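Residues per chain, in single letters:
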Amino acid sequence: MSLVLDAGALVAVEGPQRETAALIKHELLTGRPPLTHGGVIGQVWRGGAGRQAHLARLLPALDIAPLDAALGRRAGVLLGRARMDDVIDAALVLLASDGDLVLTSDPSDLTPLAAVAGLHVDVVPV
């Protein structure tokens, strides 16, 4: 099982949601770095100075996949099949494997994408 993080999960690290931070910390302590991709980082990163200190410390510990041409094409195919249009969400879903937990502030978009991709994941709202 892996923990897959969307932008909402990364934003939650900076906020009062201790459950999200505790879950991420647990995964790191067990040697399973949570997964995300560079597009998700772009959605949340604003320079790190001051208010993003927790996020700045967390990022080096994550497994951050590149949103490259191959992942972009796979995401585009998934979006076409799902009749949706958010490439960041689709690429994130494609990082997941059966049995993974996907932490998100937007389960209404990620759940149908996972279903169309044929993935059996737990989409957990943050």
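These notes cover the structure that comes with them. Numbering of residues starts from 1 in each chain and follows the order in which that chain's sequence is written. Restriction of local features to residues with pLDDT of at least 70 applies here, the model being predicted, together with a cutoff of 80 or more for giving and counting side-chain atom pairs; totals for whole chains, interfaces and linings are based on all residues. In computing side-chain values, all of the structure's heavy atoms are included and hydrogens and water are not.

Quick word on the overall build of the chain
As a reminder of what qualifies: A run of H or I in DSSP counts as a helix once it spans at least four residues, and a run of E counts as a strand once it spans at least two, with each numbered from the N terminus. The reference for a compact globule is 2.2 Å times residues^0.38; the radius of gyration itself is calculated from the C-alpha atoms. Note on exposure labels: buried denotes an accessible area under 20% of the residue type's maximum, exposed denotes more than 50%, and partly exposed covers the range between, all computed with a 1.4 Å probe on protein chains only. Contacts are assigned to residue pairs with any non-hydrogen atoms lying within 4.5 Å of each other. Each accessible area is a Shrake-Rupley estimate made with a 1.4 Å probe; only the visible protein chains count as cover when residues are assessed.
What the chain contains, in helices and strands, is 7 helices and 5 strands. For the chain, the sequential pattern of α-helices and β-strands runs β-α-α-β-α-α-β-α-α-β-α-β. On C-alpha atoms alone, the chain measures out to a radius of gyration of 14 Å, which is about the 14 Å that the 2.2 N^0.38 rule sets for 126 residues. Evaluated residue by residue, the chain yields a buried proportion of 41% over its 126 residues. Taking the intrachain contacts of the chain between residues at least 6 apart in sequence as the baseline, contacts between residues at least 24 apart amount to 59%. Within the structure as shown, the chain displays about 6,500 Å² of accessible surface, and the carbon and sulfur contribution to it stands at 56%.

Brief notes about the pairing of strand S5 (residues 122–125)
Quick reminder of the rule: Paired strands are those between which DSSP finds at least two bridges. For the handedness criterion, the strands are oriented away from the viewer, and a crossover whose path from the first strand over the helix to the second runs clockwise is classed as right-handed.
In this structure, strand S4 (residues 101–104) lies alongside S5, joined through 4 bridges in parallel fashion. Looking across to S5, one finds that leucine 101 is bridged to aspartate 122. In the classification by handedness, the crossover that spans S4, the intervening helix H7 (residues 107–117) and the parallel S5 is right-handed.

Such coordinate-based values are descriptive only and should not be taken to indicate function.
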